[in-house]
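Chain by chain, the residues run as shown.
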Amino acid sequence: GIIKHLWCVSLFSYIDSKKENVCLARAGMLHDLTLEHNNYVADSTHQKSAAQLARKIGEPLEEIKAIEDHLFFDIVRLRRVPQTRLARKLLLYDALISTQERIVSLENKLKGLFKIEE
């Protein structure tokens, strides 16, 4: 579910990022917290509401900007990449974890299709 996704992105961000690991890990934990559906299709506004939540609880501005700017679909829709290094890293780690989750989900579905009952 969404909590596992947030934890995985946060942990991967913390482990892999040498310079901004605490700020990036916190952004990883908050980036999809306000996502309404956990169906691997992000709504187009969750990054704004997650950034508002981060602002409300007093997170640093750099982290808030990364959360606002982490949506992969903005690259396609707006034809722009995230503006800060932290946002680009968050986008990368989110994409890696999301891809891994999709592969595992597909594997489980395929296993279910070819399951032989004894």
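None of these values were measured; they are calculated from a predicted model.

Rules and cut-offs
Residues numbered from 1 in each chain as written. Predicted model: local features only at pLDDT ≥ 70, side-chain atom pairs only at ≥ 80, totals over all residues. Heavy atoms only, no water. Phe/Tyr/Trp six-rings, centres within 6.5 Å; stacked < 30°, edge-to-face > 60°. Helix = DSSP H or I, 4+ residues; strand = E, 2+ residues; numbered from the N terminus. Patch = residues over 30% accessible without salt bridge, like charges linked within 9 Å, V, L, I, M, F, W, Y side chains within 5 Å. Areas by Shrake-Rupley, 256 points an atom, 1.4 Å probe, with all protein chains shown as cover. Salt bridge = Lys/Arg side-chain N within 4 Å of Asp/Glu carboxyl O. Buried < 20%, exposed > 50% of the residue type's maximum accessible area, 1.4 Å probe, protein only.

Undergrad: Explain the packing of aromatic side chains residue by residue, including any values.
TA: For the structure shown, the criterion picks out one aromatic pair. Consider the rings of Phe 12 and Tyr 93, whose centres lie 5.0 Å apart with planes at 85°: the pair is edge-to-face. On the criterion of sequence distance, the pair formed by Phe 12 in helix H1 (residues 2–16) and Tyr 93 in helix H6 (residues 85–113) is long-range, its members being 81 residues apart.

Undergrad: Provide a residue-level description of a nonpolar patch on the surface, including the pertinent values.
TA: A contiguous nonpolar patch, built from Trp 7, Leu 11, Tyr 14, Ile 15, Val 22 and Met 29 and spanning about 600 Å² of accessible area, is present on the exposed surface. Residue assignment for the nonpolar patch shows that the elements contributing at least two residues are H1 and helix H2 (21–30). The greatest single-element share of the nonpolar patch, amounting to four residues, is contributed by H1. Locating Val 22 in the fold gives a position in helix H2. Residue Val 22 is classed as partly exposed on the basis of its relative accessible area, which comes to 48%.

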